[in-house]
Amino acid sequence: MGKTVANQQQALPLTSATFQLLNHRAVNNNEEQPPSASIDSFAKVAKLSIEETIRLAATRIVGCSDSDRVGIPSLLNVPFDPSITGLSIEDQRNVELVEYLLSSADRVGSRQYDEGIALVELCDCLSSPNGNAVQRVVHYFAKALHDRIEKETGRNNYHQSFRIDLGDVLRVPSPSILLSAHERFPSYQMQQLASVQAMTESVASARRIHVIDLKIKSGLHWIGLMQALESRPAGPQVEILKVTALCTGPVEPVRSTGGRLADFARSKGLNFSFAIVHVDDVTDLKEEMFAVDRGKEAVLVYSEHAFVTEIGRPDRMEALMRVMRGLNPQLMVVTETEANNNSPHFSARFVDALFHYGAVFDSVDARMISNVVAREGEERVVRGVKLDVWRAFFRRFEMVERRLSSVAWQQVRLVRETAPNGEFCTVERDGKAMVIGWKGTPLVSISTWKFFRSARLVSGTKHLRIEFE
């Protein structure tokens, strides 16, 4: 009766590779953080960022300075020593909260569901969707872990509010939310400036321009394109700008976006048309659905996070690319999540997702967290991959990567220097592409592509091959 929990349970063994993975990821993700980092190295930080909080939690659990350590103390019974770290009370609580989350993920990954659910419920009690940034991150990751436990065990013993409809993953946030994110986060502005500049340069002499948006959201980038076309210093006047939006979900939000774009075009005196190509499945797409006036209009294709939910469905991706190739666009601009959360192993995927979404949580769609963490197989539709994976995919279709111009780089750097919080953004070259990050963590990549006109695609029963004419 008199024994404390600490006496009953002195240590918990490492039951999976979660903490080793997190330690490796924490040390190697930030070039400024040396491999010999210890807890003391965080003492000079005035206020921890989310990523620093995760790294410190990993340091406390794994013990970066003690490689011989084979177990971890019971997290519920290890008080935080302020004299070691010099952190504020809030930062201490945040680090402890992330420790509970990491431990719960470890238990779930190793199928120790009783211990896992207890830790997840503790995370739920200490986190909040309306709290500070760390509390919000933990809240949504805990929801995702709850969802995974229920799915794998068949349990229905927790509150309905924890459940997230899988269909919500594909639902586009409201324009007001997207506009707010665009205004608050310079990374959004950088991404759109680079994309619009690349498109503007590729149609510098075109009078009739037809842009195809593979996953339209707020349409802010098309407003930027209209402004760029209106002010281009040379070249002919634009006779018409056509925007065709591909839609595989509800049509009304897309129609509303088209209406707002049409209103803006009228205010600029620009001849503008908006059309929607709606299909339930992209495998049903046909070239003629896009009503391209061949030989008379310059075609652009814009893909903003359109492939991240399709990478697990190669038949859909190949069908889409065949149609796009047939339209012979001047340029295809691709913006995708620069992440590595497509691992088939839960522990590795959880670690990468925690770092990636933690870095941008104030602007992230929390539904994506649920899908990456809680789902497997065909239900896991969000599969972020690195730029090199996209390069290999596009080259299968005989596409050549184009280099972003110096003007695009100058515009992005100007935003970084002048926008609020711009100093926290990182902008790096990756070959011919641009990678935009937050405090060193890559977030999105922007690359531009062009099809070889001398090749045509021939579909076989299992593979796709290229024949040259």
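Calculation rules
- Along each chain, residues carry numbers from 1 onward, in the same order as the chain's sequence is written.
- Local features in this predicted model are restricted to residues whose pLDDT is 70 or higher, and side-chain atom pairs enter the listing and the counts only when it is 80 or higher, whereas totals over whole chains, interfaces and linings include all residues.
- The side-chain figures draw on all heavy atoms in the structure; neither hydrogens nor water molecules are used.
- We count a stretch as a helix when DSSP gives it H or I for four or more residues in a row; a strand needs E for two or more, and each element gets its number in order from the N terminus.
- Helices are assigned an expected span. That span is 1.5 Å times one less than the residue count.
- With a 1.4 Å probe rolled over the protein chains alone, any residue whose accessible area is under 20% of its type maximum counts as buried; one over 50% counts as exposed, and the rest are partly exposed.
- We call two residues in contact when some of their heavy atoms are within 4.5 Å.
- When DSSP finds at least two bridges between two strands, those strands are taken to pair.
- Only the stretch in contact is used when fitting a helix axis, every axis being a line fitted to C-alpha atoms; angles between N-to-C directions are given from 0 to 180 degrees.
- Orientation is classified from the angle alone, with under 35 degrees giving roughly parallel, over 145 giving roughly antiparallel, 65 to 115 giving roughly perpendicular, and any other angle giving oblique.
- Take the far helix as your reference; a near helix turned counterclockwise from it by less than a right angle gives a left-handed crossing, and one turned clockwise gives a right-handed crossing.
- Any residue that is not Ala, Val, Leu, Ile, Met, Phe, Trp, Tyr, Cys, Pro, Asp, Glu, Lys or Arg is counted as polar, Gly included; the first ten are nonpolar and the last four charged.
- Aromatic contacts are taken between Phe, Tyr and Trp rings whose centres are within 6.5 Å, Trp giving its six-membered ring; a plane angle under 30 degrees counts as stacked, one over 60 as edge-to-face, and the others as tilted.
- Cation placement over rings: the criterion is NZ of Lys or CZ of Arg within 6 Å of the ring centroid and within 35° of the ring normal.

Structural notes on helix α9 (residues 186-202)
Look at α9: 25 Å from first C-alpha to last across 17 residues, which is about the 24 Å you get at 1.5 Å a residue. Most of α9 sits out of view: 13 of its 17 residues are buried.

Re the environment of P329
Within the secondary structure, P329 sits in the loop between α12 (314-326) and β7 (331-337). For P329, a relative accessible area of 2% translates into the label buried. The residues contacting P329, other than those within four sequence positions of it, are V299, V301, M324, K450 and F451.

Quick word on the pairing of strand β10 (residues 433-438)
Counted residue by residue, β10 has six buried out of six residues, so it is predominantly covered. Of the two faces of β10, the one holding A433, V435 and G437 and the one holding M434, I436 and W438 are both buried throughout. Pairing of strand β9 (residues 425-430) with β10, which is carried by six bridges, proceeds in the antiparallel orientation. Bridge pairing in β10 places E428 opposite V435.

Details of the packing of helix α10 (residues 220-230) against helix α11 (residues 252-267)
Two elements in contact, α10 and α11, have axes whose closest approach is 10 Å; the angle formed by their N-to-C orientations is 15°. Judged on the interaxial angle alone, α11 and α10 are roughly parallel. Along this stretch, α10 crosses α11, giving a crossing that reads as right-handed. Taken together, the residues of α11 that come into contact with α10 (itself represented by W222, I223, M226 and Q227) are L261, F264 and A265. For the contact of α10 with α11, the per-class residue count stands at six nonpolar, one polar and no charged.

As for the packing of aromatic side chains
This structure, assessed with the given rule, holds 10 aromatic pairs. Judged by centre distance (5.4 Å) and plane angle (75°), the rings of F141 and F350 are edge-to-face. Linking F141 in helix α7 (residues 133-153) with F350 in helix α13 (residues 346-359), this pair joins segments that are 209 residues apart in sequence. As far as the burial class goes, F141 and F350 line up, both buried. Consider the rings of F307 and F394, whose centres lie 5.8 Å apart with planes at 65°: the pair is edge-to-face. Of the two residues, F307 sits in the loop between β6 (298-304) and α12 while F394 sits in helix α15 (residues 387-395), which places them 87 residues apart along the sequence. As far as burial versus exposure is concerned, F307 and F394 are alike and both buried. One aromatic cluster in this structure is built from F307, W390, F393, F394, F397 and W449. Directly above the ring of W409 sits R429, whose terminal nitrogen or CZ lies 4.1 Å from the centroid.

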